[in-house]
Amino acid sequence: MTAVGALFVSFGTLFFDFDRDGDEDIFVTNGHVIRYPVNAPLLQLPLLFENLGGRFVNVAPWAGACLAVRHLGRGVAGGDIDNDGDIDLILSPINEPTAVLINESPNNNHWLRIRLIGVTSQRDAVGAHVTLTTSAGKQTRQVKGGGSYLSQSDLCCFFGIPANAKIESLRVGWPSGTMQEVSDLAVDRSIIVIEK
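Reference entry: report on the structure contained in this document. Small disclaimer: the values here were computed from a predicted structure and weren't measured. Residue positions are given per chain, counting from 1 as you read along its sequence in written order. Only residues with pLDDT of at least 70 get local features here, since the model is predicted, and only at 80 or more are side-chain atom pairs given and counted; chain-wide, interface and lining totals rely on the full set of residues. Side-chain measures were taken over the full set of non-hydrogen atoms in the model, leaving aside hydrogen atoms and water.

With that settled, consider a nonpolar patch on the surface. On the surface, Ile81, Ile90, Val100 and Ile102 cluster together into a nonpolar patch covering about 310 Å² of accessible area. Residue position: Ile81 is located in the loop between strand E5 (75-79) and strand E6 (88-92). Without a salt bridge and with relative accessible area above 30%, a residue can belong to a patch; like charges are then joined within 9 Å and nonpolar side chains (Val, Leu, Ile, Met, Phe, Trp, Tyr) within 5 Å. Under the convention used here, a 1.4 Å probe and the Shrake-Rupley method define accessible areas, while residue burial counts only the protein chains that appear. By salt bridge we mean one thing: a side-chain nitrogen of Lys or Arg within 4 Å of a carboxyl oxygen of Asp or Glu. Numbered from the N terminus, helices here are DSSP runs of H or I no shorter than four residues, and strands are runs of E no shorter than two.

Below, the structure is given as structure tokens:
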């Protein structure tokens, strides 16, 4: 991954579990800032790195037509636009229409989406940490305000859950300092957790 910085001018960057296997992958939209660059093209390919046991492999060439075309990329935001249990992307390149990329990654993995509502903390719970423990391990997400170049992703915390894994617990660390446990959770659903 170190060589990527020498070849691309990266703007919008998003960590998300596109294949719901329990680890976060990386999407990057790229485009040069110099009108007539010498060592790299002005329009650049987006990158989609799949996390394969801590080793990141660019799978963009196999991820659809939009990722096979060079763009003057800037912003990217993610969220489950079609409510089907995976993260979709919205790209905002320069001098092109906004692109909506619907995630249709086929697999048998599961998911859990959590919307936090603060009571003592601010309502959107920006800064909260959510830790999901499954039989496959722990995952932690943070509610972020911003996080990518001129873009705001969905404030929900999204977790991919491997096909045979079971949910054991969910713990929320609210910005107010309160810790909250949520139990008896099932996969493949969206839930709302209100601060107690």
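Still more to cover.
Another point: the pattern of salt bridges. This model, assessed by the stated rule, comprises five salt bridges. Across the pair Arg113 and Asp80 runs a salt bridge, and its minimum N-O distance is 3.1 Å. Taken as a pair, Arg113 in strand E8 (residues 110-117) and Asp80 in the loop between E5 and E6 lie far apart in primary sequence, 33 residues in all. Classification of residues uses two cut-offs on accessible area relative to the type maximum, computed with a 1.4 Å probe and protein chains only: under 20% is buried, over 50% is exposed, and between them is partly exposed. For Arg113, a relative accessible area of 11% corresponds to the buried category. A salt bridge links Asp124 to Arg115; the nearest nitrogen and oxygen atoms lie 3.4 Å apart.

Here we come to the side chain of Arg141. Along the polypeptide, Arg141 turns up in strand E10 (residues 137-142). Look past the residues within four positions of Arg141 in its chain and what remains in contact with it is Asp17, Glu24, Ala128, His129, Val130, Cys157, Phe158 and Phe159. Contact definition: two residues touch when any of their heavy atoms are within 4.5 Å.

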